[in-house]
Amino acid sequence: MQGIVFPGTTGAVDVVVPVPGSKSIANRALVCAFLAAGTSYLRGVPDGDDCARMIAAFEAAGAIRHLDGRSLTVAGGVPERLPSRVDCGLAGTTSRFLTAVAATSAREHVIDGGEPLRHRPMEDLHDALRGLGGRVVGP
């Protein structure tokens, strides 16, 4: 692999470029950590509404401990700790993931959000959860 040459330099430049984390991957990691037994350590969790809403739900469950910056631990293995009501704001990924997480619990949960979120397509997920024996009320 060739180095990148920048104008005004006499050779290759050795640089490290931090790439922002993916909210989609981070939310998947958060869900896996919440469902897994034991404590998981996650670092580089990006900012943004999707991750913030997921973290808030797991904080309300007593599962999140913030470390430094964007690092945290998740105490998992007890999906029943998910709050009975979760506001996902406009975070579609979070609402879909938390709907599936809620379906693993024997407790009843309400996964809700802002008006635009309520009009996003969720039927396939709801139908799949019903097909697995879940009780889903709503569209």
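Values in this document were obtained by computation on a predicted structure and should not be read as measured data.

Calculation rules
- Residues numbered from 1 in each chain as written.
- Predicted model: local features only at pLDDT ≥ 70, side-chain atom pairs only at ≥ 80, totals over all residues.
- Heavy atoms only, no water.
- Salt bridge = Lys/Arg side-chain N within 4 Å of Asp/Glu carboxyl O.
- Helix = DSSP H or I, 4+ residues; strand = E, 2+ residues; numbered from the N terminus.
- Buried < 20%, exposed > 50% of the residue type's maximum accessible area, 1.4 Å probe, protein only.
- Axes fitted to C-alpha atoms, helices over the stretch in contact; angles between N-to-C directions.
- Parallel < 35°, antiparallel > 145°, perpendicular 65-115°, else oblique.
- Contact = heavy atoms within 4.5 Å.
- Nonpolar A, V, L, I, M, F, W, Y, C, P; charged D, E, K, R; others polar.

1. Observations concerning the pattern of salt bridges
Working step 1: For the structure shown, the criterion picks out eight salt bridges.
Working step 2: Residue aspartate 87 is joined to arginine 53 by a salt bridge in which the shortest nitrogen-to-oxygen separation is 3.6 Å. In this pair, aspartate 87 sits in strand E4 (residues 85–87) while arginine 53 sits in helix H2 (residues 49–60), placing the two residues 34 residues apart along the sequence.
Working step 3: The partly exposed category is assigned to arginine 53, whose relative accessible area is 26%.
Working step 4: We note a salt bridge from aspartate 127 to arginine 130, for which the minimum N-O separation is 3.3 Å. Taken together, the positions of aspartate 127 and arginine 130, both in helix H5 (residues 123–131) and three residues apart, correspond to about one turn of that helix.
Working step 5: On the accessibility criterion, aspartate 127 (45% relative accessible area) is partly exposed.
Working step 6: The network of salt bridges with shared partners includes Arg85, Asp112, Glu115 and Arg118.

2. With respect to the packing of helix H3 (residues 92–103) against H5
To characterise two packed helices, one gives the angle between the axes of the helices and the distance between these axes.
Working step 1: The contact between H3 and H5 brings their axes to 11 Å, and the two run at 10°. Regarding the angle of H3 to H5, the classification is roughly parallel. Judged by residue contacts, Arg96, Thr99, Ala100 and Ala103 of H3 engage Leu125, His126 and Leu129 from H5.
Working step 2: Tallied by class, the residues present in the contact of H3 with H5 amount to four nonpolar, two polar and one charged.

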